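Architecture and fold: a report
Residue strings, one per chain:
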Amino acid sequence: MEFITLLQAQAAGNQAAAGQSSWSMWIMLILIFVVMWFFMIRPQRKQQKELQKFREGLKKGDKVVTVGGIYGTVVEVKEKTLLLEVDSNVKIRVDKNSVVKDFSETAQQ
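So, here's what we can say about the structure. (Residues numbered from 1 in each chain as written. Predicted model: local features only at pLDDT ≥ 70, side-chain atom pairs only at ≥ 80, totals over all residues. Heavy atoms only, no water.)

**Some remarks on the pairing of strand β1 (residues 63–66)**
Basically, it comes down to this: Between any two strands, at least two bridges found by DSSP are needed for them to pair. Runs of H or I in DSSP of at least four residues are treated as helices and runs of E of at least two as strands, each being numbered from the N terminus.
In the sheet, β1 pairs with strand β2 (residues 71–77) via three bridges, with the strands oriented antiparallel. Paired with Val64 across the two strands is Gly72, which belongs to β2. Taking the residues between adjacent antiparallel strands as the criterion, β1 and β2 are bridged by four residues, where Gly69 takes a positive phi near 95°.

Structure (structure tokens):
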């Protein structure tokens, strides 16, 4: 009789410990997600918003670089496209979403 009571008490203790460990596991998972959001997702969203703001504010004369690595100066701005001058009388039309700001001149100064 005493042995069965001892086993029942031990089983009840194991269940309580298992309940605590599952809660601590959930808390750790939530903390990991919060840290990932704070250090990875949030800065990326901020950078995407800044890039979108730059693309919406493009005007004639701005220096840009395409995602393909072509440097050029904006000649004409339309709703979804840009006309870039890449050399004397050499112009190409590119999608607005394929350009970023040209930092080459600011880095040299």
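**A short note on the sheet that holds strand β4 (residues 90–95)**
Quick reminder of the rule: Under this scheme, a helix contributes an axis fitted over its contacting stretch, all axes are lines through C-alpha atoms, and angles between N-to-C directions fall in the 0 to 180 degree range.
Pairing within the open sheet is antiparallel, and its five strands lie in the order β4-β3-β2-β1-β5. Of all the strands in the sheet, just β4 and β5 (99–101) have a single pairing partner and so form its edges. Strand after strand, the sheet turns through a mean of 50° between neighbouring axes, direction not considered. Bridge analysis of β1 against β5 gives three bridges, and the strand direction is antiparallel. Residue pairing in the sheet places Thr66 in a bridge with Val99 of β5.

**Brief notes about the nonpolar core**
To keep things clear, this is the line we draw: The nonpolar core is taken to be a set of buried Ala, Val, Leu, Ile, Met, Phe, Trp, Tyr and Cys residues, with the residues joined through side-chain atoms within 4.5 Å. Per-residue accessibility, obtained with a 1.4 Å probe over protein chains only, is compared with the maximum for each type, and a residue is labelled buried under 20%, exposed over 50%, and partly exposed between these values. When checking whether two residues touch, look at their non-hydrogen atoms; a contact exists if any pair is within 4.5 Å.
Core analysis: the largest hydrophobic core is formed by seven residues, namely Leu58, Val64, Val74, Leu82, Leu84, Val94 and Val99. Ignoring any residue separated from it by four or fewer positions in sequence, one finds Val74 in contact with Lys59, Lys60, Gly61, Asp62, Val64, Leu82, Leu83 and Leu84.

**Thoughts on the side chain of Lys96**
Filter applied, for reference: We treat Lys and Arg as the positive residues and Asp and Glu as the negative residues; His and chain ends play no part in the count. Any Lys or Arg side-chain nitrogen found within 4 Å of a carboxyl oxygen on Asp or Glu counts as a salt bridge.
Positionally, Lys96 belongs in the loop between β4 and β5. Buried within the structure, Lys96 lacks any salt-bridge partner; Glu56 is the closest side chain of opposite charge, at an N-O distance of 7.9 Å. In contact with Lys96, not counting residues within four places along its chain, are Arg55, Val77, Lys78, Glu79, Lys80, Thr81 and Leu82.

**Here's the deal with the pattern of salt bridges**
Under the definition given, this model contains three salt bridges. Where Glu76 meets Lys78, a salt bridge forms, and the shortest distance between an N and an O atom there is 3.6 Å. Of the residues examined, Glu76 reaches a relative accessible area of 27% and is grouped as partly exposed. Relative accessible area serves as the criterion here: at 44%, Lys78 is assigned to the partly exposed category. One salt bridge connects Arg93 with Glu76, and the closest N-O pair in it is separated by 3.7 Å. You can see Arg93 sitting in strand β4 and its partner Glu76 sitting in strand β2, a full 17 residues away along the chain. The exposure class of Arg93 is partly exposed, given its relative accessible area of 44%.

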